[in-house]
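Notes for the structure review
Residues per chain, in single letters:
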Amino acid sequence: MQVESLYQEIILDHYKRPHGRGLREPFNTEVHHVNPTCGDEITLRVLISGFGDDMVVEDVSYESQGCSISQASASVMFDLVAGETVDDALRAQEEFLHVMHSRGEAEPDEEILGDAVAFQGVAKYPARVKCALLGWMALKDAVAQAATAHEEDLD
Ligand code: ZN
């Protein structure tokens, strides 16, 4: 099987059977992000526990609507960050951002990105990059807000 079609298969699979979908309680922060160029929307919640280096993303829950790329990307993201430390989640976010801004030139780190390497081909289409990044940008925003709020709670 060609790599390109394998990647399309992965994206289609996550689109048809999204992982971790649905808004859950409890949560620290909820954000709503939109990608106006395509009409994609996501509402995303995060639950953080622990502090400092041990701060963990206990859960990421979301409702999304829009194109298959934006929805599949949110599902892949859930697999990569739920249950991981905040540091690891943000490292994955940065690596994904790097790959998506590379116009298809970057060699994605499969150790870090897992199924998200399937979006490498999408990076060649500037119009679709924002679709793939929507969930990840919402995650970064929500985690930053949750981490701040969480640390204030501890004081
Ligand atoms: Zn889209």
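Because the structure is predicted, anything quoted here is derived from the model rather than measured. (Residues numbered from 1 in each chain as written. Predicted model: local features only at pLDDT ≥ 70, side-chain atom pairs only at ≥ 80, totals over all residues. Heavy atoms only, no water.)

What follows deals with the confidence of the model for the protein. Detailed reading of predicted coordinates is not advised where the pLDDT is low. In this model, the protein carries an average pLDDT of 93, and 98% of its residues clear a pLDDT of 70 or more. Mean pLDDT across the secondary structure elements of the protein bottoms out at helix H5 (residues 126-154), with 91, and peaks at strand S1 (residues 29-35), with 98. (pLDDT = per-residue confidence, 0-100. Helix = DSSP H or I, 4+ residues; strand = E, 2+ residues; numbered from the N terminus.)

By secondary structure assignment, the location of Asp-87 is in helix H3 (residues 86-100). With relative accessibility at 40%, the residue Asp-87 sits in the partly exposed group. Expressed as a C-alpha distance, the spacing of Asp-87 and Asp-13, which sit 74 residues apart in the sequence, is 28 Å. (Buried < 20%, exposed > 50% of the residue type's maximum accessible area, 1.4 Å probe, protein only.)

We now examine the layout of surface pockets. By volume, the largest pocket amounts to about 170 Å³. If you trace the largest pocket, you find it lined by Glu-4, Tyr-7, Gln-8, Ile-11, Ile-69, Ala-118, Gly-121, Val-122, Lys-124 and Tyr-125. Broken down by element, the lining of the largest pocket gets its largest block of residues, four residues, from helix H1 (residues 3-16). Its residues placed into classes, the lining of the largest pocket shows six nonpolar, two polar and two charged. (1 Å grid on protein atoms, 1.4 Å probe; cavity = no way out; pocket = protein on both sides within 12 Å on 5 of 7 lines; lining within 4 Å. Points joined across faces, edges and corners; volume = space filled by probe spheres on them. Nonpolar A, V, L, I, M, F, W, Y, C, P; charged D, E, K, R; others polar.)

This part takes up the pairing of S1. The side-chain alternation of S1 yields one buried face, formed by Thr-29, Val-31, His-33 and Asn-35, and one unburied face, formed by Glu-30, His-32 and Val-34. Bridge analysis of S1 against strand S2 (residues 40-49) gives seven bridges, and the strand direction is antiparallel. Bridge pairing in S2 places His-33 opposite Ile-42. Counted between consecutive antiparallel strands, the loop separating S1 from S2 contains four residues, among which Gly-39 sits at a positive phi close to 90°. (Pairing = 2+ DSSP bridges.)

Right, let's talk about the nonpolar core for a bit. With 48 residues, the main nonpolar core has Leu-44, Val-60, Phe-96, Met-100 and Phe-119 as its most contacted residues. Listing elements by their share of this core, those giving two or more residues are H1, S2, strand S3 (56-65), helix H2 (68-81), H3 and H5. Ranked by the residues each element gives to this core, the list is headed by H5, at twelve residues. Leave out the neighbours within four places in its chain, and Met-100 touches Phe-119, Val-122, Ala-123, Val-129, Ala-132 and Leu-133. (Core = buried A, V, L, I, M, F, W, Y, C linked by side-chain atoms within 4.5 Å. Contact = heavy atoms within 4.5 Å.)

Here S2 lies mainly inside the structure; eight of its ten residues are buried. Following S2, the chain reverses through six residues before pairing antiparallel with S3; Gly-50 in that reversal takes a positive phi of roughly 75°.

Across the interface, H1 lies against H2 with an axial gap of 8 Å and an inter-helix angle of 85°. Classified by the interaxial angle, the pair formed by H1 and H2 is roughly perpendicular. Contact residues: Ile-11, His-14 and Tyr-15 in H1; Ser-68, Gln-71, Ala-72, Ser-75, Val-76 and Asp-79 in H2. Class assignment for the residues of the contact of H1 with H2 results in four nonpolar, four polar and one charged. (Axes fitted to C-alpha atoms, helices over the stretch in contact; angles between N-to-C directions. Parallel < 35°, antiparallel > 145°, perpendicular 65-115°, else oblique.)

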